[in-house]
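# Structural overview
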Amino acid sequence: MKEVPCNKIKKIAGDYYQNLLPPSLVQRVETHLGECSSCRKLYQETQEVLNLLKQDLISDPGPGFWNGLSSRIMTSVRLIRPEPVKVPWYKKVWEYPFGWPGYAWATALILILLTPVAFYTMKSYKTPSFQEIQGNELKWETGFESLPSAIESLSAKESTRLGKRIVAQMGKELKGHGYLLVEDELHWDVSPSLEGLTVQELDALIKRIKSGKSAGFWEGQYYVS
Amino acid sequence: MTDDQLVERVKEGDSRAFEDLVLRHQKSVYYFVLRILKNPLDAEDTVQKIFLLAYQNIKGFRSDSTFKTWLYRIGINQCNNYFRQKRNRDYIPLDEIPVADTRANQEGDFFDKERLIHLQKAVGRLPYKQRMVVTLRIYQELSFEEIGMALNIRANSAKVNFHHAIEKLKNWIKTSEP
């Protein structure tokens, strides 16, 4: 009766032929080969092939050949310089994050991430713009507001638009504009534009903007009234 | 001085150290390439290319494999390129290779010589990868781990390829014998 079945020996026979088995398994295989004639035959045939392969030697071309080969190699080697190591771009970014490619990638990434946020913020803080002057009031998208207080709270852009409306109504281009500091706040000043108007034009404007209505500040900070 | 130490010196620009590496490895690389290409002149050219490539790219060599395994890897790529470029070329038949069965000559054993010729023909019939594995294992005496690294396959796959090749050789030799 065999101690280990043939199929188990066949599984490890390859390693046995190559001397890759631990001593405990070598002992098992050798015991089995002593008992089993068919496995022994297979082992002998394999061993024969391996021995035959090892006999297939190539003749040594001699020292002259080797000297010639090495000198030809070295001659071609001395004609060149070692090439610098080619590192792929993703490794450069990974290994040298603070090199210029790292900064470039980081900047691009930040811009890509922030752009939608910036657009969203701009959209959500968009101030309503006035639409037209109706009597003493400005008509906004959100409702009506009386002119004096409205003018003081106008942005530069809005003031310019209002100035242009006034000019359109007056039939004359108003020129020049700036800011005024009133109670620690900057207000758009349309008074320089009004300076260019004639007395009649100004009277006409004053009639249009009634009851303490202001188009900004005069010199000396008096309301146009 | 070990291969690794010589490689470090080459990286620092010492070409004499590279010459030491050439003298140390040219024989085994040449024999390997000759067994695969089966043409001494082409083998010589290919070995020159292999060492030249090794020198040019030595700064990219990392010690995760031995220098010898790395050389074989370059060698295998060059052999692949050779066959790709000269696919239609007529090769010298296997039995015309100037290989010397030294031992048979010494002993004058005609029967062994005949069997050796059968074996050489059988090895030539093996699939390319199996022939590579047998050559690297039997003649270059590389471990299966090293063969795996050189061929870019797993060590176990190299082992399986080797055993399949031996089984095939065994059967072919058995059937070709009178």
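Just so you know, these numbers come straight off a predicted model, no measurement behind them.

### Considerations on the environment of leucine 169 of chain B
Its location among the elements puts leucine 169 of chain B in helix 9 (residues 155-176). Given a relative accessible area of 0%, leucine 169 of chain B falls into the buried group. Counting along the chain gives 47 residues from leucine 169 of chain B to alanine 122 of chain B, while the straight-line C-alpha distance between them is 6.1 Å. Residues contacting leucine 169 of chain B, with those up to four places away along its chain left out, are Val49 and Leu53 of chain A together with Ala122, Val123 and Leu126 of chain B.

### Re the nonpolar core
Counting 77 residues, the largest nonpolar core has Leu53 of chain A together with Phe18 and Val33 of chain B as the members making the most contacts within it. Per-element tally for this core: the top contributor is helix 2 (residues 15-37) of chain B, with twelve residues. Contact partners of valine 33 of chain B, with chain neighbours within four places excluded, come to Lys38, Ala43, Thr46, Val47, Ile50 and Cys79 of chain B.

### Brief notes about the packing of helix 2 of chain B against helix 4 (residues 67-85) of chain B
Residues and elements named next belong to chain B. Viewed as axis vectors pointing N to C, helix 2 and helix 4 meet at an angle of 35°, and their least axial separation amounts to 10 Å. Handedness of the crossing formed by helix 2 with helix 4: right-handed. Residues Leu21, His25, Ser28, Val29, Phe32, Val33, Ile36 and Leu37 of helix 2 pack against Phe67, Lys68, Leu71, Tyr72, Gly75, Ile76, Cys79, Tyr82 and Phe83 of helix 4. Along the lines of polarity and charge, the residues of the contact of helix 2 with helix 4 split into 13 nonpolar, three polar and one charged.

### Quick look at the side chain of glutamine 48 of chain B
For glutamine 48 of chain B, the position within the fold is in helix 3 (residues 40-56). Glutamine 48 of chain B has contacts with Leu69, Arg72 and Ile73 of chain A, leaving out every residue within four places of it along the chain.

### Regarding the pattern of salt bridges
Charged atoms that come close allow side chains of opposite charge to pair. Here the structure, examined in full by the defined rule, presents eleven salt bridges over all chains. For lysine 170 of chain B, the salt bridge goes to glutamate 167 of chain B, with nearest N and O atoms at 3.1 Å. Pair noted here: lysine 170 of chain B and glutamate 167 of chain B are both in helix 9, with a separation of three residues, about one helical turn. For lysine 170 of chain B, a relative accessible area of 5% corresponds to the buried category. The class for glutamate 167 of chain B is partly exposed, based on a relative accessible area of 35%. One network of salt bridges, with partners in common, ties together Arg78 of chain A together with Arg16 and Glu19 of chain B.

### Let's talk about the interface of chain A and chain B
For an interface, size is often stated in terms of accessible area lost upon the parts coming together. With 35 residues of chain A at the contact, the number on the chain B side is 47 residues. Around 4,200 Å² of area is buried between chain A and chain B when both sides are counted, 64% of it from carbon and sulfur atoms. Inspection of the region where chain A meets chain B yields five salt bridges. The partner of arginine 78 of chain A in a salt bridge is glutamate 19 of chain B, and the shortest N-O contact between them spans 3.2 Å.

About the cut-offs
- Residues numbered from 1 in each chain as written.
- Chains lettered and ligands numbered in written order.
- Predicted model: local features only at pLDDT ≥ 70, side-chain atom pairs only at ≥ 80, totals over all residues.
- Heavy atoms only, no water.
- Helix = DSSP H or I, 4+ residues; strand = E, 2+ residues; numbered from the N terminus.
- Buried < 20%, exposed > 50% of the residue type's maximum accessible area, 1.4 Å probe, protein only.
- Contact = heavy atoms within 4.5 Å.
- Core = buried A, V, L, I, M, F, W, Y, C linked by side-chain atoms within 4.5 Å.
- Axes fitted to C-alpha atoms, helices over the stretch in contact; angles between N-to-C directions.
- Left-handed = near helix turned anticlockwise from the far one by under 90°.
- Nonpolar A, V, L, I, M, F, W, Y, C, P; charged D, E, K, R; others polar.
- Salt bridge = Lys/Arg side-chain N within 4 Å of Asp/Glu carboxyl O.
- Buried area = accessible area lost by both parts, 1.4 Å probe.

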